[in-house]
Amino acid sequence: MPRAGLTPHRIVAVAADLADEVGFEKVTLSAVARRVGVKDASLYAHVRSLQDLRTRMALLAGGEMIDRIAAAVAGRAGKDALVAFAGAYREFALRRPGRYAATQIRIDQALVVDSSVMRRTAEITYGMLRAYGLEEPDLTDAVRLLRSTFHGYCALEAAGGFGAPRDVQRSWDKAVDALHITLMHWPREETDHDD
């Protein structure tokens, strides 16, 4: 019988908080059970496995992250939207490291298709990039460029990987400026035309 007050949402939120404290990879069902004051077996009434818990954490964290990004980019377009998007992304990654790590795991494609969080993330990201006049397949390529740049920068910054005396914020601003210039001058995909 499930413990009163213990719900899947509460378990996932507790796990996400724990991930921010100790790291995503260190979150176990046992650690979450201890945190909520139950035996490990009690969690199985709410989550199927550690993988199920991690997937739910990824969706929770992804929803929180895109909410922040959406609020930041609202009413903005072009470079202003890109700067706001990038800033909200970086702030989430650095302030919520365990949650952020959860957003980086690969999720089963069937869940991705059914996920309102994933759809909203795509809508906001692709919407911001459409202001640069991009269409598929260039949109997907641009998303991959932004994600890899933002993720790489945040991972290095979080690990203390930038040792030069140059201010890290100023380097971030330059990187976002460079991305804006790249998006403005995107090398468009050539399409085949039948003659």
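In the block above lies the structure referred to throughout.
Residues numbered from 1 in each chain as written. Predicted model: local features only at pLDDT ≥ 70, side-chain atom pairs only at ≥ 80, totals over all residues. Heavy atoms only, no water.

S.K.: Please clarify how a negative patch on the surface should be interpreted in this entry.
M.R.: The grouping of Glu 136, Asp 141, Glu 189 and Glu 190 at the surface amounts to a negative patch. By the element assignment, Glu 136 lies in the loop between helix 8 (116-130) and helix 9 (138-158). Accessibility expressed as a relative area gives 46% for Glu 136, which makes it partly exposed. (Patch = residues over 30% accessible without salt bridge, like charges linked within 9 Å, V, L, I, M, F, W, Y side chains within 5 Å. Areas by Shrake-Rupley, 256 points an atom, 1.4 Å probe, with all protein chains shown as cover. Salt bridge = Lys/Arg side-chain N within 4 Å of Asp/Glu carboxyl O. Lys, Arg positive; Asp, Glu negative; His and termini not counted. Charge placed at Lys NZ, Arg CZ, Asp CG, Glu CD. Helix = DSSP H or I, 4+ residues; strand = E, 2+ residues; numbered from the N terminus. Buried < 20%, exposed > 50% of the residue type's maximum accessible area, 1.4 Å probe, protein only.)

S.K.: I would appreciate a short explanation of the side chain of His 180 in the present structure.
M.R.: Mapped onto the fold, His 180 is located in helix 10 (residues 168-184). Given the relative accessible area of 16%, His 180 is considered buried. Non-local contacts of His 180, meaning those with residues more than four positions away in its chain, are made with Lys 79, Leu 82 and Tyr 132. (Contact = heavy atoms within 4.5 Å.)

S.K.: For this particular structure, what's the right way to read helix 2 (residues 29-36)?
M.R.: Residues that lie three or four places apart on an α-helix share one face, since the helix turns once every 3.6 residues. By the burial criterion, the buried members of helix 2 are Leu 29, Ala 31, Val 32, Ala 33 and Val 36. Next to the buried residues of helix 2 lie helix 1 (8-22), helix 3 (40-43) and helix 4 (50-73). Once helix 2 ends, the next one or two residues include Gly 37, with phi positive near 75°.

S.K.: Please clarify how the packing of helix 8 against helix 9 should be interpreted in this entry.
M.R.: Each pair of packed helices can be described by the angle between their axes along with the distance between the axes. Between helix 8 and helix 9, the least distance of the axes is 10 Å, while the angle of their chain directions is 105°. Looking at the two axes, helix 8 sits roughly perpendicular to helix 9. Taken together, the residues of helix 9 that come into contact with helix 8 (itself represented by Thr 125, Tyr 126, Met 128, Leu 129 and Arg 130) are Leu 139, Thr 140, Ala 142, Val 143 and Leu 146. Class assignment of the residues belonging to the contact of helix 8 with helix 9 gives a composition of seven nonpolar, two polar and one charged. (Axes fitted to C-alpha atoms, helices over the stretch in contact; angles between N-to-C directions. Parallel < 35°, antiparallel > 145°, perpendicular 65-115°, else oblique. Nonpolar A, V, L, I, M, F, W, Y, C, P; charged D, E, K, R; others polar.)

S.K.: Any chance you could explain the packing of aromatic side chains here in plain terms?
M.R.: In this description, a pair of aromatic rings is defined by centroid distance and the angle of the planes. Tallied over the entire structure, the rule returns six aromatic pairs. Between Tyr 153 and Trp 172, the ring centres sit 5.0 Å apart and the planes meet at 65°, which makes this aromatic pair edge-to-face. One end of the pair, Tyr 153, is in helix 9; the other, Trp 172, is in helix 10, with 19 residues separating them in the sequence. For the pair Tyr 153 and Trp 172, one class covers both residues: buried. Of the aromatic side chains, those joined through ring pairs into one cluster are Phe 85, Tyr 89, Tyr 100, Phe 150, Tyr 153, Phe 162 and Trp 172. Note that Arg 54 overlies the ring of Phe 24, its terminal NZ or CZ placed 5.2 Å from the centroid. (Phe/Tyr/Trp six-rings, centres within 6.5 Å; stacked < 30°, edge-to-face > 60°. Lys NZ or Arg CZ within 6 Å of the ring centre and 35° of its normal.)

S.K.: Please clarify how the environment of Arg 119 should be interpreted in this entry.
M.R.: Assignment of secondary structure puts Arg 119 in helix 8. Ignoring any residue separated from it by four or fewer positions in sequence, one finds Arg 119 in contact with Val 113 and Asp 114.

S.K.: Hey, could you run me through the side chain of Arg 99 in this one?
M.R.: Among the secondary structure elements, Arg 99 is positioned in helix 6 (residues 97-103). Setting aside its immediate chain neighbours within four residues, Arg 99 contacts Ala 13, Ala 16, Asp 17, Ala 19, Asp 20, Ala 61, Glu 64 and Phe 92.

S.K.: I tried to follow the nonpolar core on my own but got confused; where do I start?
M.R.: As a rule of thumb, soluble globular proteins bury nonpolar side chains together. Among the nonpolar cores identified, the biggest contains 59 residues, and Leu 43, Leu 53 and Leu 129 are the most heavily contacted of them. Elements with a contribution of two residues or more to this core: helix 1, helix 2, helix 4, helix 5 (78-95), helix 6, helix 8, helix 9 and helix 10. Counting residues per element, this core draws most heavily on helix 4, which supplies ten residues. Ignoring sequence-local partners within four residues, the contact set of Leu 43 consists of Leu 6, Ile 11, Leu 29, Val 32, Ala 33, Val 36 and Val 38. (Core = buried A, V, L, I, M, F, W, Y, C linked by side-chain atoms within 4.5 Å.)

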